[in-house]
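Understanding the architecture of this molecule
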Amino acid sequence: MNAQTSMRDALYEAPGPKTRKKMLVGTVVSLIAVAALAAWVVYRFWVTGQLSMRYWELFSWHSTWRYLSIGLLGTFEVALCAAAISIVLGLLLMLGRISSSKVLRGVCAVVVNFLRGVPSLLFIYGFFFIVPSFGLKMPAFWMLCLPVSLAASGVLAEVFRAGVNAVPRGQTEAGLSIGLSPWKVKTKIVLPQAIRFVIPSLISQLVVVVKDTALAYVVSYPDLMQNAQVLRTNYDAMVSTFLVVAVIYILINYLINKAAVYVSRRTGAKIIR
């Protein structure tokens, strides 16, 4: 496979004329179906009065956007803190998984699989209901930030391990052959390259972290979604409020993905999409 061949080209052959025709027909039919569904949804909104100006005029007020901005700032604070914690914890778990100690490798493998397998919501409920029963009182910020970071760290540990496995084994053997200890080989040769490989994937993982912060309602932390819930309750504007907030989340995640693509091009690390 040459440098210009993508993973998709290696796994799948180019479609022939008949397949391309079927793909075109399927695309057209799908677009028509989606357009019909969207038209039906808009019609139902119109029939039930959800498109009335009284449900949308609140977004012409400065106070509404200021309130949402405060929630958005809370979302960014939790997301950035959780991302930093999950990167450090994921790196430590990855080092344990590639350790020469079988016991440590086994323990870290169990922890990683546990963190990857348990939904973030269950971690949040654990910090909200179980942790206080041991007499440990935590602010709402940490009852949201720590569970989100734990859930993300399991995924990031595997991302880091994939980066380590992507480093040619010959470089490890060369480092050992010149007298470097296994630890120095990992920290001086392998890890710098592995981190460079996975930086785009680390940025992309921020999308998951940002979406997980929307569970802040469990601990009543004032993030974007929680503040949107308050607006929805006060003005009885469920459809308009959630549509606007959905657009905000889409824009945030779109910018994060674009940042990951930009970094991948700058560093030469490829993102398989």
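Heads up: these notes are all about the structure in this document. Keep in mind that what you see is a predicted model, and the values were worked out from it rather than measured. (Residues numbered from 1 in each chain as written. Predicted model: local features only at pLDDT ≥ 70, side-chain atom pairs only at ≥ 80, totals over all residues. Heavy atoms only, no water.)

Here's the deal with the overall build of the protein chain
Scanning the protein chain from terminus to terminus reveals 10 helices and zero strands. Walking the protein chain from its N terminus toward its C terminus, one meets helices and strands in the order α-α-α-α-α-α-α-α-α-α. Viewed in the frame of its principal axes, the protein chain has a C-alpha envelope of about 75 × 70 × 30 Å. Considering the protein chain as a whole, with its 273 residues, one finds that 36% of them fall into the buried category. (Helix = DSSP H or I, 4+ residues; strand = E, 2+ residues; numbered from the N terminus. Buried < 20%, exposed > 50% of the residue type's maximum accessible area, 1.4 Å probe, protein only.)

Describing the packing of helix 3 (residues 62–97) against helix 8 (residues 182–212)
Taken N-terminus to C-terminus, the directions of helix 3 and helix 8 make an angle of 145°; their axes are 11 Å apart at the nearest point. As for the relative orientation of helix 3 and helix 8, their crossing is right-handed in sense. Only W183, L191, L206, V209 and V210 of helix 8 make contact with helix 3, whose side of the interface consists of T75, A79, A82, A83, L91, M94 and L95. Tallied by class, residues from the contact of helix 3 with helix 8 come to 11 nonpolar, one polar and no charged. (Axes fitted to C-alpha atoms, helices over the stretch in contact; angles between N-to-C directions. Left-handed = near helix turned anticlockwise from the far one by under 90°. Contact = heavy atoms within 4.5 Å. Nonpolar A, V, L, I, M, F, W, Y, C, P; charged D, E, K, R; others polar.)

Digging into the packing of helix 3 against helix 9 (residues 224–235)
Two numbers describe how helix 3 lies on helix 9: the axes approach to 7 Å, and their chain directions differ by 150°. In terms of orientation, helix 3 lies roughly antiparallel with respect to helix 9. In contact with T64, Y67, L68, I70, G71, L72 and T75 of helix 3, helix 9 contributes L224, N227, A228, V230 and L231. Classifying every residue of the contact of helix 3 with helix 9 gives eight nonpolar, four polar and no charged. (Parallel < 35°, antiparallel > 145°, perpendicular 65-115°, else oblique.)

Quick word on the layout of surface pockets
Here the second largest pocket defines a volume of roughly 340 Å³. Forming the walls of the second largest pocket are I98, V164, N165, V167, P168, R169, T172, L176, P182, V185, K186 and V190. For the lining of the second largest pocket, the element with the highest residue contribution is helix 8, accounting for four residues. Of the residues belonging to the lining of the second largest pocket, the class tally is eight nonpolar, two polar and two charged. (1 Å grid on protein atoms, 1.4 Å probe; cavity = no way out; pocket = protein on both sides within 12 Å on 5 of 7 lines; lining within 4 Å. Points joined across faces, edges and corners; volume = space filled by probe spheres on them.)

Observations concerning helix 2 (residues 17–47)
What sets the pattern is the α-helix's 3.6 residues per turn: residues three or four places apart point alike. Over its 31 residues, helix 2 extends 45 Å from the first C-alpha to the last, a length consistent with the 45 Å expected when each residue adds 1.5 Å. At the exit of helix 2 stands G49, carrying a positive phi of roughly 80°. (Expected span 1.5 Å × (residues − 1).)

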